[in-house]
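Below are the chains, spelled out letter by letter.
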Amino acid sequence: SIPLDEVEPAAEIMKRFCTGAMSLGALSREAHETLAIAVNRVGGKSNSGEGGEDIIRGQDLTDVDEKGRSPTFPHLAGLKNGDSANSFVHQVASGRFGVTPQFLTTAKQLEIKMAQGAKPGEGGQLPGPKVSEYIAGLRASKQGVTLISPPPHHDIYSIEDLAQLVHDLHAVNEKAGVSVKLVSSIGIGTVACGVAKAQADVIQISGGDGGTGASPLSSIKHAGMPWEMGLSEAHSALLNNGLRDRVTLRVDGGIRTGRDLAIAAMMGAEEFGFGTIAMIAEGCVMARVCHLNTCPVGVTSQKEQLRKKFPGTPEHVVNFFEFVAEEIRELMAHLGYSKFEDLIGRADLLKEDEDQLARIAKTKGVSLSGFFSSIPESKGDRAFLRATPAEGGGLKDDVVHVNGFSSDLDREMCDHPDVKAAIENNDGETAVSFNIKNTDRSTCAMLAGDIARKYGNKGLEGNLNINMFGSAGQSFGAFTLPGMKVRLTGEANDYVGKGMHGGEIVVLPEADAGFVAADSSIVGNACLYGATGGDFHANGRAGERFCVRNSGAYAVCEGTGDHCCEYMTGGVVVSLGTVGRNVGAGMTGGIGYFYDENGGFEERVNGEIVKYQRVVTAAGEIQLRNIVERHFEKTGSEKAEAILDNWEEEVGKFWQVYPPSEASSAVVAETIVGEAVKVSAVAPSEDLCYLPIGAGMNPDQTTRCAD
């Protein structure tokens, strides 16, 4: 052992602490913001979870009074000037809730949620009573309607799809590292190696003991595996394959004490996530009614009268972290180590407790020695704790992987003098042209990131007209913003318009293409996945999963494959050709119009949630006709022209698909007289995505028992 004062200070150890990815919605505003402020104070990494964040949280506090109260966050107590409620890590899950360009560019790290430790294979879930006006606004969804993220395979079928999403995030925010959250399971080592090769910066291993209170009980209790299993396998596989120095390993899932952290470090973890225990530190009483929206202390409730009872302050959470850090320091002193990093990967320091094994008859014959011996010896070679020599060999935290040649076109576009001038002047019309090839991926994402950093989601006043010619690679037009008008003459791969927030994307074939556009595929699968706004026109067919998780875009194609409009929560989709099966599965918002020239559409609809009818309202016909007319104007579509030339007859061949939340809207039922009919989302209203500061609270509502 060594004296305690020779051990690394608690302040340094706490920089390795993170919060679990608990979303705003699963938690109340008070609980979510308090956790973020607390972790930011100690230099750790707070996590937004998959529900997005209010843009006001991006500003550091400068208006805190002597009582620790701030007009910017009137519902919080115990604040200090200089505090930040902006989560360090912004999560991108399969649901894409709240994922806008500004959300991505205000993060210091972006996390891809591949799975949840407590319920592997399922998406996130938020019961309808917890989807308040504020939460629905952040998530671009419908108030009171249950939200379920699609299982991850909807946007990530393979390791290549995951690598593409890593590439997209590196493009839109080059300064932010990308972490990938994996669930502890057998075989995770192989997946972790693929994730490291895909240029991720952090791999998070999530154990089965955690899980938010919004999850089904059967999932929390009966799914997932201990983090020890996944962590040891991932660390071992990465080390054996020479990839360990490329990534930081983070672990979470029921971690509570300094002893837990010491064991996790010896198994290979470098950072540590606290979920349930951090909530307890800020006032959670484990009433286990999170899913009912009736949390008695306002930690996991969206009800105003219950949120008033929230007792926590950032200091409560900071105190807990300091105790944990001090416990680790005492263990380190006992073991004789002055630096925390000297414990990482040292499984040789672990030994099974024979007394504990002998306590229970079931474990008397169990030997854990094989479990520890499978972790490679790293006592002599500690190089994996630093970045690769090619990246300078410094601290991993200081190194962010960057995209290679596949983002060269994006860099050329951002450096174009006309584009730079247009962004700087923020006025007028600018037109630029580029040739594109299928190795150019995530094209326009870097430009969208530059604009979002300077002007937010909708501050660009001028118009950037970007003309492309050729065959585009994956994620063409990702994260475009209002003011960006992107036109591609040629064809595009999968994920066109991924995360689109505004502006316009038009894809059309070359004039001498020699094929019938309406019968030919021009864009790939999963186009407009997670779009929150914008207008999209494809003069040709789209692949499968068109507009899955669309929550605001107005999109037109001339036919598409299976699963169109799945999990959609907003926007309008028009298909001028045949579609595949399973239309509208899980769709809780938005409208779909489907041209059914030869019959057969009805058997392709998933009727579990949605209903369908002919276009029976004047408002619906106006909306549809306007969108089809714009499609013809933008693309010169022969199919659109033929329909418009014989509109009175052809409109009767369209089916309108709608979920219950849209049943009383003007375009579905003649119940609302004089309601404006929206026909475009090229520049979505900020009100759709965000509410004003304080969410319209009155002075009485801002009183908290923490005072």
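Look up a bit, the structure's there.
Let us look at the structure shown here.

Quick notes on the rules
Residues numbered from 1 in each chain as written. Predicted model: local features only at pLDDT ≥ 70, side-chain atom pairs only at ≥ 80, totals over all residues. Heavy atoms only, no water. Helix = DSSP H or I, 4+ residues; strand = E, 2+ residues; numbered from the N terminus. Rg over C-alpha atoms; globule rule 2.2 N^0.38 Å. Buried < 20%, exposed > 50% of the residue type's maximum accessible area, 1.4 Å probe, protein only. Contact = heavy atoms within 4.5 Å. Areas by Shrake-Rupley, 256 points an atom, 1.4 Å probe, with all protein chains shown as cover. Core = buried A, V, L, I, M, F, W, Y, C linked by side-chain atoms within 4.5 Å. 1 Å grid on protein atoms, 1.4 Å probe; cavity = no way out; pocket = protein on both sides within 12 Å on 5 of 7 lines; lining within 4 Å. Points joined across faces, edges and corners; volume = space filled by probe spheres on them. Nonpolar A, V, L, I, M, F, W, Y, C, P; charged D, E, K, R; others polar. Axes fitted to C-alpha atoms, helices over the stretch in contact; angles between N-to-C directions. Parallel < 35°, antiparallel > 145°, perpendicular 65-115°, else oblique. Left-handed = near helix turned anticlockwise from the far one by under 90°. Phe/Tyr/Trp six-rings, centres within 6.5 Å; stacked < 30°, edge-to-face > 60°. Lys NZ or Arg CZ within 6 Å of the ring centre and 35° of its normal. Pairing = 2+ DSSP bridges.

Considering the overall build of the chain
Here comes step 1: For the chain, the count of helices and strands is 21 helices and 19 strands.
Here comes step 2: Taking 2.2 N^0.38 as the reference for a compact globule, 707 residues should give roughly 27 Å; the C-alpha atoms of the chain span a radius of gyration of 26 Å, in line with that estimate.
Here comes step 3: Its C-alpha atoms put the chain at 85 × 60 × 55 Å along the principal axes.
Here comes step 4: Here the chain holds 707 residues, and 62% of them are scored as buried.
Here comes step 5: Counting contacts in the chain only where the partners sit at least 6 residues apart, residues at least 24 apart contribute 64% of the total.
Here comes step 6: Counting every atom, the chain has about 26400 Å² of accessible surface; 50% of that belongs to carbon and sulfur.

Notes on the environment of Gly 584
Here comes step 1: In this fold, Gly 584 is placed in the loop between β16 (569–575) and β17 (589–595).
Here comes step 2: Under the relative-accessibility criterion, Gly 584 is labelled buried at 1%.
Here comes step 3: Apart from the residues within four sequence positions on either side, Gly 584 is in contact with Cys 564, Cys 565, Asn 606 and Val 610.

Structural notes on the nonpolar core
Here comes step 1: In terms of nonpolar packing, the biggest core is built from 144 residues, with Phe 17, Phe 274, Leu 447, Val 523, Phe 536 and Phe 546 touching the most fellow members.
Here comes step 2: No other element matches helix α12 (residues 314–335), which puts 9 residues into this core.
Here comes step 3: Beyond its immediate sequence surroundings of up to four residues, Phe 536 is in contact with Val 496, Ile 505, Val 507, Val 523, Leu 528, Phe 546, Tyr 554, Ala 555 and Val 556.

Examining empty space enclosed by the protein
Here comes step 1: Under the defined criterion, the tally for this structure stands at 6 cavities of 30 Å³ or more.
Here comes step 2: Size it by volume and the largest cavity reaches roughly 60 Å³.
Here comes step 3: Lining the largest cavity are Cys 284, Val 285, Met 286, Ala 287, Arg 288, Val 289, Cys 290, Cys 295, Pro 296, Val 299 and Thr 300.
Here comes step 4: Partitioned by chemical class, the residues of the lining of the largest cavity number 9 nonpolar, 1 polar and 1 charged.

Focus on the environment of Leu 350
Here comes step 1: Relative to the helices and strands, Leu 350 resides in the loop between α12 and α13 (354–359).
Here comes step 2: For Leu 350, a relative accessible area of 17% puts it in the buried group.
Here comes step 3: Placed 77 residues apart in sequence, Leu 350 and Asp 427 show a C-alpha to C-alpha distance of 63 Å.

Thoughts on the packing of helix α6 (residues 188–197) against helix α8 (residues 227–240)
When two helices pack together, their arrangement is captured by the angle between the axes and the distance separating the axes.
Here comes step 1: Put simply, α6 and α8 touch, their axes get as near as 8 Å, and they point 50° apart. Comparing their axes, α8 and α6 come out oblique. Here α6 runs over α8; the crossing is right-handed. On the side of α6, the interface is formed by Ile 188, Gly 189, Ala 192, Cys 193 and Ala 196, while α8 contributes Gly 230, Glu 233, Ala 234, Ala 237 and Leu 238.
Here comes step 2: For the contact of α6 with α8, the per-class residue count stands at 7 nonpolar, 2 polar and 1 charged.

Points about the packing of aromatic side chains
Here comes step 1: Under the counting rule described, the total for this entry stands at 12 aromatic pairs.
Here comes step 2: Linked through ring pairs, Phe 17, Phe 274, Phe 320 and Phe 321 together constitute an aromatic cluster.
Here comes step 3: The ring centre of Tyr 495 lies 4.0 Å from the NZ or CZ of Lys 498, which sits over that ring.
Here comes step 4: Directly above the aromatic system of Tyr 157 lies the positively charged group of Arg 545, at a separation of 4.1 Å from the ring centroid.

Let's talk about the sheet that holds strand β9 (residues 271–274)
Here comes step 1: Ordered in space as β1-β9-β8-β7-β6-β3-β2, the 7 strands form an open sheet in which the pairing is parallel. The open sheet is flanked by β1 (17–19) and β2 (89–92), the only strands paired with a single partner. Recorded for the sheet is a direction-independent mean angle of 25° between the axes of neighbouring strands.
Here comes step 2: Sheet topology note: the strand β7 (residues 202–206)/strand β8 (residues 248–252) ladder contains 5 bridges and is parallel. What sits directly across from Ser 206, in β8, is Asp 252.
Here comes step 3: Taken strand by strand, α8 contacts β7 and β8, and its axis lies near 170° from that of β8.

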